[in-house]
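Summary of the model geometry
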Amino acid sequence: MTKAAAQSSSPEAEELKRLMEAYQQADKDAAAELFRRISPMLLRFLAGPISTRPLAEDMLQECWMRLHKARHTYRPGSPVLPWVYAIARHTRVDTYRRRRNIDRLELIPENLESVGGSTAADQDNERADLWALVAQLPQSQQEVIRMLKVAGLSLEETARATGSTVGAVKQKAHRAYGKLRTLIENAPGGRPR
Amino acid sequence: MNSRHVVDELVQASQAGAPSLSGKLRGHLEQCASCKALWGFLKGKTDVDDLPPELQSKFDSVVLSDLEPAKPIPSARVLAVLFGAVFVTLSAAFILMSGISGAQAQSSLQLGAVLGVVCIAATALAVWLSREMIPGSKCLISPASLFTMICAGLFIAVLGLFEWQQENALFSHGWQCFRAGIFATLPASALLILVLNRGAVLSFAVVGAGAGLMAGLVSVVTLQLGCTMTSSPHIMVGHLTIPLVAAAVGYFIGKAVPLLMARLS
């Protein structure tokens, strides 16, 4: 989905509103269509530097359970994506928090490479480079960049989804771009550290 | 190519509906892994576009199988009025129980200023809490700023308008008011939680702090009208610490809720 399509007045956004309202009225076709449209975006958002594909899928499943449980809190006529991303964002944070506690109990990070079959080195180089670069940004900046760039949300929608103001979102995005520039400038041999 | 120009062009291209890159930049991307990675990220190019069939079947079995109509939550405005009604009703009930002898011991300016600050604070908290119940609501002010302004407003009003008198039994008198105030805070908290339960609260800790603060304001009103001691140290120790303590307790309970939910699940 492009950024323009995500604007609340676009036909795509209007269609999402219609589907969401129908989902609230227990329309199964609308629910299935909403799932089909939103899930890839959410999976892309939930996948990140420290999440594997299976973990992202688990988060997506958890996220849908939360969306379903909270569907009555969607206000008809209001933009759908900020509502969805606000819930997805908290799903991700809660999952990472839980995982961190589990990892702390189960494995120390140094041992992970020797245990798992799938490490960063085994994955596609481009993807590893990508995450290596983005992972160096603070979590809040990564989140804003992902919403603005990957999900195509507007500043206003990103502010709603993150529970902050438009000014704060602009500032975070600005700082993230600045940091990315610095990272690229400092990367030895044109590769992120 | 200068990295600043590269990043700027990549960001601009990603913002365009149909991204296109100059030949020079495309050549650069062939050689530079970092910029290529950044471009992939900005375009949202990941390998997660295909959904696993298990997820679809899980969605079908859990969501679609017993899909029932869900009545949309009332608007944030209605919810804010509901919070306000809880605040006013409980304050009135406790004032009826404790009396208004304290009001006669204060000047109209003192009474008006403290009650004014409390009413503004309660209104702001009601609006904020109502928005926290609806995910993706517009954020007008950060919770940290809101809480700071409320606490600062109360302390400044008390310090500026009430006389600073040394008290020998500051803490014992303060403790009596504190205990009575906590009694008023508990039912207020319970009712606020009941209202909050109708929405989908995402940040339990912050909302817990906000609810605690609002419940604490009920006791501030009650004590301000019922307590005859008008020295600023007493009001700060015996009255104003209640919303602070209630906010802290609410925060920690809110922190514990997700952990408990995770354990139970």
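Keep in mind it's a predicted model, so treat the numbers as computed, not measured. Each chain has its residues counted from 1, running along the sequence as written. The order in which chains are written sets their letters, starting at A; the order in which ligands are written sets their numbers, starting at 1. Selection of residues for local features in this predicted model requires a pLDDT of at least 70, selection of side-chain atom pairs for listing and counting requires 80 or more, and totals for whole chains, interfaces and linings are taken over all residues. Water and hydrogen atoms play no part in the side-chain values, which are based on all heavy atoms of the structure.

When helices and strands are tallied, chain B shows 11 helices and 0 strands. Written out in order from the N terminus, the α and β elements of chain B read α-α-α-α-α-α-α-α-α-α-α. For every residue, the accessible area obtained with a 1.4 Å probe (protein chains only) is divided by the maximum for its type, and the residue is called buried under 20%, exposed over 50%, and partly exposed between those limits. Within the span of chain B, comprising 265 residues, buried residues form 46% of the whole. Partitioning the intrachain contacts of chain B with sequence separation of at least 6 by distance along the chain shows that 81% fall at a separation of at least 24. Carbon and sulfur atoms provide 65% of the accessible area of chain B, an area that totals close to 13100 Å². Working definition: helices are DSSP H or I runs of at least four residues, strands are E runs of at least two. Numbering for both runs from the N terminus. Throughout, a contact is declared for two residues whenever any of their heavy atoms are within 4.5 Å. For accessible areas, the Shrake-Rupley method is used with a probe of radius 1.4 Å. Any residue's cover is judged against the shown protein chains and nothing else.

Let us now look at the nonpolar core. Side chains of a nonpolar character, in soluble globular proteins, are inclined to be buried together. F83, F87, V118, L125, L196, M214 and L217 of chain B are the most contacted members of the largest nonpolar core, which totals 48 residues. Residue assignment for this core shows that the elements contributing at least two residues are helix 5 (76–98), helix 7 (108–132), helix 8 (143–161), helix 9 (170–196), helix 10 (204–226) and helix 11 (232–264) of chain B. No other element matches helix 10 of chain B, which puts 11 residues into this core. When near neighbours in sequence (up to four residues on either side) are disregarded, F83 of chain B contacts A126, L129, S130, M133, L192, V195, L196 and M214 of chain B. Within this scheme, the nonpolar core is defined by two criteria: the residues are buried Ala, Val, Leu, Ile, Met, Phe, Trp, Tyr or Cys, and they are joined through side-chain atoms within 4.5 Å. Formed by 45 residues, the second largest nonpolar core is a distinct cluster that contains Y23, W64, A70 and Y74 of chain A.

All names here are of chain A. Here pLDDT means the predictor's own confidence in every residue, given as a number from 0 to 100. Across chain A, the average pLDDT comes to 76, with 73% of residues at or above 70. Across chain A, the element-wise mean pLDDT spans from 38 in helix 6 (residues 109–115) up to 90 in helix 2 (residues 11–24). Segment residues 1–6: pLDDT under 50, and 21 contacts once partners within four positions in sequence are set aside and those in other chains are kept. Note on residues 107–123: pLDDT is under 50 here. Beyond four places in sequence and across chains, it has 6 contacts.

Bringing unusual backbone geometry into the picture now. Backbone geometry at A26 of chain A places phi at a positive 70 degrees, although glycine is not the residue there. Relative to the assigned elements, A26 of chain A resides in the loop between helix 2 and helix 3 (28–46).

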